[in-house]
Amino acid sequence: MHPFKLLRHNRPKNSRWNNNQRNYGAWIIAVISCPCLMGWGFAAHRKIVDVAIQHVPEPLHEFFKHHRNWLVEHALDADLRKHSVIGEAEKHYIDLDEFGISEYDSMCLPPARWDEAIILYGEKCLRDRGIGPWNVAWQYQRLVEAFRSQNQRRILQCAADLAHYVADLHVPLHTSANYDGAASGQNGIHALWETQLPEAYMDEYNLLGPDLPISWSPHCVDSIWDVIIESHRCLDLVFNAEKETMEEIGETNAFSYTIRGKARQKMRSEAFISCYHGKLNGQVEQRMTRSIQACSIYWYAAWVQAGQPQLQEQQTNKSRLDALIEWLKN
Ligand SMILES: [Zn+2]
């Protein structure tokens, strides 16, 4: 979904921002003044949270429905943090292809346990390649703790963050070092797949899918490893269909200039989007639907694992500016 992900390789992989580089003032100005930060490219994330609320079983459904606007608004918080929080960017992806292919032509996965993965690869290497699936497990545990504390504000923030990270890992290009097609001469494919296609077609999708079985397991979050494998297997179609579309449409008709926020950007044309979407044969709809189901299941499982606490209503009428000030103070 997000153009910000493109930032991750724009700086040296091993760089770390120091405190002096955390320019809070610039961050505030960027958030408040730049419409592209707040107004476009994130429609799919918002939609996923919105539909996941409809999907989640009671009593979470009632509780989240009551806070629907807050949750949908904060579906993007994790991306906004990439500009200001050290170590945030690598939580949104994993470059699975960097781990290689086994002699049987199957993917080599790093260990699901973080401590074992560090022993095998070292923490720096893992963070360079992205820590998406481990982070989902940590965020899930944060949500369990939030439910136990019965702190409504915390529950909502953790639920929004978990949904964001889970949704990101359903995007095929979040599992590849060639995340924007630079290595295959297909630059811009990231925004094409996760922003342009959902914006053009998601209102036509049947995103609710089948009813979820009301079941849970304390290990259900381990399924995030199946999710990244599924996402990675979608990549051949993602790249091949783009290539075929380019050959059919031709370079001159493949691009057009679009106004997004205050910026004029060269992006794939409507004709290209239509042709490419057809060739993907429901892939974007399928990945969005799976994202929604996973969000609902993980939310519900976290609540059950926390002991099914009563969800009491507390005041959450802080504005985004109040929340920002509180965050800066912390
Ligand atoms: Zn993200």
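Since the model is a prediction, treat every value here as computed from it, not as a measurement. (Residues numbered from 1 in each chain as written. Predicted model: local features only at pLDDT ≥ 70, side-chain atom pairs only at ≥ 80, totals over all residues.)

Q: Tell me what's going on with the overall build of the protein, and back it up with residues and numbers.
A: A tally of regular secondary structure across the protein gives 17 helices and two strands. Taking all 330 residues of the protein together, the buried fraction comes to 37%. The long-range share in the protein, meaning contacts at least 24 apart out of those at least 6 apart in sequence, stands at 78%. (Helix = DSSP H or I, 4+ residues; strand = E, 2+ residues; numbered from the N terminus. Buried ≥ 20, exposed ≤ 12 C-beta atoms within 10 Å, placed from the backbone. Contact = placed C-beta atoms within 7 Å.)

Q: Tell me about the nonpolar core, and please be specific about residues and values.
A: Grouped together as the largest cluster of nonpolar side chains are 70 residues, with contacts concentrated most on I48, A163, V166, C295 and Y298. For this core, the element with the most residues is helix 16 (residues 283-305), which contributes 12 residues. Those residues in contact with I48, other than ones at most four positions away along the chain, are A163, A167, M288, S291, I292 and C295. (Core = buried A, V, L, I, M, F, W, Y, C linked by C-beta atoms within 7 Å.)

Q: Can you explain helix 15 (residues 270-280)? Please cite residues and give values.
A: Among the residues of helix 15, F272, I273, Y276, H277 and L280 are the ones counted as buried. Each buried residue of helix 15 lies within a common arc of 125° when the element is viewed along its axis, so the set occupies one face. Tucked into the core, helix 15 has its buried residues touching helix 11 (189-201), helix 13 (235-249), helix 14 (251-254), strand 2 (263-268) and helix 16. One or two positions beyond helix 15, positive phi appears at N281, with a value near 55°. (Arc of directions from axis to C-beta.)

Q: Help me get a handle on the pairing of strand 2, residues and values and all.
A: As judged from the six bridges shared by strand 1 (residues 255-260) and strand 2, these two strands associate in the antiparallel manner. Within the sheet, the bridge partner assigned to S256 lies in strand 2 and is M267. In this antiparallel pair of consecutive strands, strand 1 and strand 2, the connection spans two residues, and G261 shows a positive phi of 60°. (Pairing = 2+ DSSP bridges.)

Q: Before we move on, can you summarise the environment of D95 with the specific residues and values?
A: Position of D95 among the secondary structure elements: in the loop between helix 6 (77-81) and helix 7 (114-121). Residue classification places D95 among the buried positions, given that 20 C-beta atoms sit within 10 Å. A sequence separation of 81 residues divides D95 from S176, and the C-alpha atoms of the two residues are 4.3 Å apart. Residue contacts for D95: discarding those within four places in its chain leaves R129, G130, S176 and A177.

Q: Quick rundown of unusual backbone geometry? Include the residues and the values.
A: Omega for the bond connecting E58 with P59 falls within 30 degrees of zero, at 0°, which places this linkage in the cis form. With respect to the helices and strands, P59 occurs in the loop between helix 3 (43-55) and helix 4 (60-66). Despite not being glycine, Q150 shows a phi value in the positive range, around 55°. Structurally, Q150 can be placed in the loop between helix 9 (132-149) and helix 10 (152-169). The class for Q150 is partly exposed, based on 14 C-beta atoms found within 10 Å. Backbone geometry at Q308 places phi at a positive 50°, although glycine is not the residue there. One can find Q308 in the loop between helix 16 and helix 17 (320-329).

Q: Quick one: what's the story with the packing of helix 9 against helix 12 (residues 224-233), residue by residue and with numbers?
A: Interaxial distance between helix 9 and helix 12 falls to 9 Å at its minimum, and their mutual angle equals 150°. Crossing angle aside, the handedness with which helix 9 passes helix 12 is right-handed. Residues G132, P133 and V136 of helix 9 pack against I224, W225 and I228 of helix 12. (Axes fitted to C-alpha atoms, helices over the stretch in contact; angles between N-to-C directions. Left-handed = near helix turned anticlockwise from the far one by under 90°.)

Q: Residues and numbers for the packing of helix 3 against helix 10, please.
A: At their nearest, the axes of helix 3 and helix 10 sit 10 Å apart, and the two run at 120° to each other. By the angle class used here, helix 3 and helix 10 are oblique. For helix 3 against helix 10, the interelement crossing comes out right-handed. Facing H45, I48, V49 and A52 of helix 3, the residues of helix 10 in contact are A160, A163, H164 and A167. Classifying every residue of the contact of helix 3 with helix 10 by side-chain character gives six nonpolar, two polar and no charged. (Parallel < 35°, antiparallel > 145°, perpendicular 65-115°, else oblique. Nonpolar A, V, L, I, M, F, W, Y, C, P; charged D, E, K, R; others polar.)

Q: Outline helix 3, listing residues and values.
A: Because an α-helix packs 3.6 residues into every turn, residues spaced three or four apart end up facing the same way. Over its 13 residues, helix 3 runs 18 Å from end to end, which matches the ideal 18 Å to within 8%, given 1.5 Å per residue. Taken together, the buried positions of helix 3 are occupied by A44, H45, K47, I48, V49, V51, A52, I53 and H55. Residues of helix 3 that are buried in the fold lie against helix 4, helix 5 (68-73), helix 10, helix 11 and helix 16. (Expected span 1.5 Å × (residues − 1).)

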